[in-house]
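Here are the chains, one letter per residue:
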Amino acid sequence: MGGIGGGAFGSRNDRTTVEASSATTEQHRRRVLNDGRRRIFQLAGRQIAFVCECGRPTCTQTIVLTDSEYDERRRRDGVLLGHEQG
Ligand SMILES: [Zn+2]
């Protein structure tokens, strides 16, 4: 005895290539990072070196702002940090 039913496990591997845009992921990652930095450093009321949120994996720019400046930037039509003109 012992007939194996077979096919109980969905062998369907619907891994839709969710690589829509790695830049977006990178931006999100950096935002989370900046959020963490802000939360930690705002207590000191000092300037914080935030990472650029342009989304380029190769970008290593940092932007120094106070936590309130950072908040304001984000609130303004969700402007990303870094790579400003002028
Ligand atoms: Zn950048």
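Just above, that's the structure.
Since the structure is predicted, the reported quantities are computational estimates derived from the model, not experimental observations. (Residues numbered from 1 in each chain as written. Predicted model: local features only at pLDDT ≥ 70, side-chain atom pairs only at ≥ 80, totals over all residues.)

Caption draft 1: Representation of the overall build of the protein chain in the model. Along the protein chain, the regular secondary structure elements total two helices and two strands. Walking the protein chain from its N terminus toward its C terminus, one meets helices and strands in the order α-β-β-α. Buried positions account for 10% of the 86 residues belonging to the protein chain. (Helix = DSSP H or I, 4+ residues; strand = E, 2+ residues; numbered from the N terminus. Buried ≥ 20, exposed ≤ 12 C-beta atoms within 10 Å, placed from the backbone.)

Caption draft 2: View of the environment of Q47. Tracing the backbone through its elements, the reader meets Q47 in strand β1 (residues 47-51). Sequence separation of Q47 and T66 is 19 residues, and the distance between their C-alpha atoms is 4.2 Å. The contact partners of Q47, leaving out residues within four places of it in the chain, are V64, L65 and T66. (Contact = placed C-beta atoms within 7 Å.)

Caption draft 3: Inspection of the environment of A49 at higher detail. By the secondary structure assignment, A49 is in strand β1. In the structure, A49 is positioned 15 residues away from N34 in sequence and 8.7 Å away in space, judged by C-alpha atoms. Those residues in contact with A49, other than ones at most four positions away along the chain, are T62 and V64.

Caption draft 4: The arrangement of the environment of C54 in detail. Positionally, C54 belongs in the loop between β1 and β2 (62-66). Placed 24 residues apart in sequence, C54 and R30 show a C-alpha to C-alpha distance of 9.0 Å.

These results come straight from atomic positions and should not be treated as a statement about function.
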